[in-house]
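Here is what each chain is made of, one letter per residue.
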Amino acid sequence: MLAFPVGFKIYLAVEAVDMRKQFNGLWAMATERLKEDPLQGAVFAFTNRDRTRLKLLYWDGTGVWVLAKRLEQGRFTWPQADGAKLSLTPEALTMLLAGIDLKKAEKKAWYLRPS
């Protein structure tokens, strides 16, 4: 599980992104669509149209990280908003990645594992 410190900047792209994009393509999305500078050290979250894949872009000061996750079942609950991006807290991103529906504050049925 990923963990980010309190106060860490996280921007979520509201619209779907082509998941074939890699370092340069996601960097361009962050600067052009989200109007943010990735060199400032924020994490940028992107998903595909089906909400089954997620990529995170992060500049750590020495290089660019791209982390990817593909769900084997279910879909991410992606927040809707006016505009191109949302600012999330590290806790909200952790919940989103853990299969928690942020609107209902409950785990999605597909994420529940047998004990």
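(A) Spatial organisation of the environment of Gln-22. Of note, Gln-22 is situated in the loop between strand S1 (10-13) and helix H1 (23-33). By relative accessible area, which is 43% here, Gln-22 ends up partly exposed.

(B) Spotlight on the environment of Ala-13. Tracing the backbone through its elements, the reader meets Ala-13 in strand S1. Residues Ala-13 and Thr-47 lie 34 residues apart in sequence; the distance between their C-alpha atoms is 7.7 Å. Ignoring any residue separated from it by four or fewer positions in sequence, one finds Ala-13 in contact with Leu-34, Ala-45, Phe-46, Trp-78 and Ala-84.

(C) Looking closely at the sheet that holds strand S5 (residues 85-88). The strand order S4-S3-S2-S1-S5 describes an open sheet built from five strands, whose pairing is mixed. Each having just a single partner strand, strand S4 (64-70) and S5 make up the two edges of the open sheet. On average, each strand axis in the sheet is inclined to that of its neighbour by 20°, with strand direction left out of account. With respect to the sheet, H1 is in contact with strand S2 (43-47), strand S3 (53-59) and S4, its orientation differing from that of S3 by roughly 80°.

(D) Main features of unusual backbone geometry. For Lys-35, which is not glycine, the phi torsion reads 60° and is therefore positive. In this structure, Arg-51 takes a positive phi of about 60° despite not being glycine. Within the fold, Arg-51 resides in the loop between S2 and S3. Judged by relative accessible area, Arg-51 falls into the buried class, the value being 13%.

(E) Broad picture of the side chain of Thr-47. Looking at the element boundaries, Thr-47 is found in strand S2. Only 2.6 Å separates the side chain of Thr-47 from the backbone oxygen of Arg-53, close enough to count as a polar contact. Apart from the residues lying within four places of it in its own chain, the contact partners of Thr-47 are Ala-16, Val-17, Met-19, Thr-52, Arg-53, Leu-54, Phe-76 and Trp-78.

(F) Focus on the pattern of salt bridges. Counting across every chain of the model gives three salt bridges. Taking the shortest distance from any N to any O, the salt bridge between Lys-85 and Glu-36 comes out at 2.3 Å. Of this pair, Lys-85 sits in strand S5 while Glu-36 sits in the loop between H1 and S2, and the two are 49 residues apart along the sequence.

(G) Spatial organisation of the pairing of S3. Relative to S3, S2 runs antiparallel, the two sharing five bridges. From the neighbouring strand, Val-43 faces S3, where its bridge partner is Tyr-58. The turn joining S2 and S3, which pair antiparallel and follow one another in sequence, is formed by five residues; a positive phi near 60° is taken by Arg-51. Bridge count between S3 and S4: seven bridges; the pairing is antiparallel. Residue Leu-54 lies in a different strand from S4, and its bridge partner there is Lys-69. The hairpin formed by S3 and S4 contains four residues between the paired strands, and Gly-61 there has a positive phi angle of roughly 105°.

Rules behind the numbers
Residues numbered from 1 in each chain as written. Predicted model: local features only at pLDDT ≥ 70, side-chain atom pairs only at ≥ 80, totals over all residues. Heavy atoms only, no water. Helix = DSSP H or I, 4+ residues; strand = E, 2+ residues; numbered from the N terminus. Buried < 20%, exposed > 50% of the residue type's maximum accessible area, 1.4 Å probe, protein only. Contact = heavy atoms within 4.5 Å. Pairing = 2+ DSSP bridges. Axes fitted to C-alpha atoms, helices over the stretch in contact; angles between N-to-C directions. Polar contact = N/O pair within 3.5 Å; in protein donor to acceptor, adjacent residues only side chain to side chain. Salt bridge = Lys/Arg side-chain N within 4 Å of Asp/Glu carboxyl O.

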